[in-house]
Amino acid sequence: MTKIGLRIYSWPDAILKKKCTEVKFVDERIRHLFDQMIILMRESKGIGLAGNQVGLDLRLVVIETQEGILRLVNPRIIKSEGRIDFLEGCLSFPGIELKIRRAKKVWVTALDENGQPLDYEVEGPLAVVFQHEVDHLNGILFIERVSFWKRLRIGHLLKKIKKF
Ligand code: ZN
């Protein structure tokens, strides 16, 4: 347990397969959780982190961008377009990188840390991060986005994570 009370859960912890619950009220507690998630994300040098990755059954996501950190409550992808293949990592799968095919552009709605509605239209690598994190909230892991054969090839790496 780190001093801030949250920690990152790695595969195959069951919480990662959990479809997270909608946040009803965006209050001080949520803002405090965001602060803790951001500390953890930065400590681990990640660029995105979802609620269930830190043991929370809540639809919360933090994303590091060039313009600063995004705090998203109940993010939803409402439209997607195009295709992109991008090499992804995941804080819940230390040491594993996988090329995943996703939409190149996505439109996202969410609430901010004050409960105000947000709209994003993002493309390229940032669109990839949005999709990766929203997948987490739905209990979908990036290893499920690659073929069976590819998963077989990284089997030894997955075994290594299990030993942690
Ligand atoms: Zn991840």
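Preceding block: the structure.
No experiment lies behind these values; they were computed from the predicted model shown.

Rules of the game
Residues numbered from 1 in each chain as written. Predicted model: local features only at pLDDT ≥ 70, side-chain atom pairs only at ≥ 80, totals over all residues. Heavy atoms only, no water. Buried < 20%, exposed > 50% of the residue type's maximum accessible area, 1.4 Å probe, protein only. Helix = DSSP H or I, 4+ residues; strand = E, 2+ residues; numbered from the N terminus. Pairing = 2+ DSSP bridges. Donors = N, O, S within 2.8 Å, 3.2 Å for Na, K, Ca; no water. Phe/Tyr/Trp six-rings, centres within 6.5 Å; stacked < 30°, edge-to-face > 60°. Contact = heavy atoms within 4.5 Å. Polar contact = N/O pair within 3.5 Å; in protein donor to acceptor, adjacent residues only side chain to side chain. Salt bridge = Lys/Arg side-chain N within 4 Å of Asp/Glu carboxyl O. Axes fitted to C-alpha atoms, helices over the stretch in contact; angles between N-to-C directions.

Asks: Describe the pairing of strand β5 (residues 98–102), naming the residues involved and giving the relevant values.
Replies: Side chains L98, I100 and R102 project from β5 onto a buried face, and the interleaved K99 and R101 project onto a face without burial. Relative to β5, strand β4 (residues 84–88) is paired through five bridges, and the arrangement is antiparallel. Looking at β5, one finds that F86 is bridged to I100.

Asks: So what's going on with the coordination of the zinc ion? Residues and values would help.
Replies: Every protein donor of the zinc ion is accounted for by C90 (SG), H132 (NE2) and H136 (NE2), and the metal-donor separations fall at 2.0 to 2.2 Å. Sequence positions of the residues that donate to the zinc ion give the spacing C-x41-H-x3-H. Within this pair, whereas C90 is found in the loop between β4 and β5, its partner H136 is found in helix α2 (residues 125–137), the two being separated by 46 residues in sequence. Assigned by exposure class, C90 and H136 land together as buried.

Asks: Please provide a residue-by-residue account of the packing of aromatic side chains, values included.
Replies: Following the criterion strictly, the structure yields four aromatic pairs and no others. Ring centres of F93 and F142 lie 5.1 Å apart, and the angle between their planes is 55 degrees; on these two criteria the pair is classed as tilted. In this pair, F93 is assigned in the loop between β4 and β5 and F142 in the loop between α2 and α3 (148–153), connecting sequence segments 49 residues apart. Its relative accessible area of 2% is what places F142 among the buried residues. Taking 5.2 Å as the distance between ring centres and 75 degrees as the angle between the ring planes, the aromatic pair formed by F148 and W149 counts as edge-to-face.

Asks: Now, about the environment of E144: what can you tell me, with residues and values included?
Replies: Along the polypeptide, E144 turns up in the loop between α2 and α3. Here the alpha-carbon distance between E144 and K18, two residues 126 residues apart in the chain, equals 14 Å. Once you skip the residues sitting within four places of it in the chain, E144 turns out to touch K17 and G139. Within the structure, the side chain of E144 is placed 2.8 Å from the side chain of K17, a separation counted as a polar contact.

Asks: Now, about the pattern of salt bridges: what can you tell me, with residues and values included?
Replies: For the coordinates displayed, the defined rule picks out nine salt bridges. Close ionic contact of R42 with E64 constitutes a salt bridge, the shortest N to O distance being 2.9 Å. Of this pair, R42 sits in helix α1 (residues 28–43) while E64 sits in strand β2 (residues 60–65), placing them 22 residues apart in sequence. A relative accessible area of 25% places E64 in the partly exposed class. Between D135 and R145 there is a salt bridge, with the nearest N and O atoms lying 2.8 Å from each other.

Asks: Please provide a residue-by-residue account of the sheet that holds strand β6 (residues 105–111), values included.
Replies: Across the sheet, five strands lie side by side as β1-β2-β3-β6-β7; this open sheet has antiparallel pairing. Single-partner strands in this sheet number two, and they are β1 (48–50) and β7 (117–123). In this sheet, neighbouring strand axes are inclined to one another by 40 degrees on average, regardless of whether the strands run parallel or antiparallel. Strand direction decides the pairing type here: β2 and strand β3 (residues 68–81), joined by six bridges, are antiparallel. Bridge pairing in β3 places L60 opposite V73. Against the sheet, α1 engages β1, β2 and β3, with an angle of about 45 degrees to β2. Strands β1, β2, β3, β6 and β7 of the sheet are contacted by α2, whose axis makes an angle of about 160 degrees with β2.

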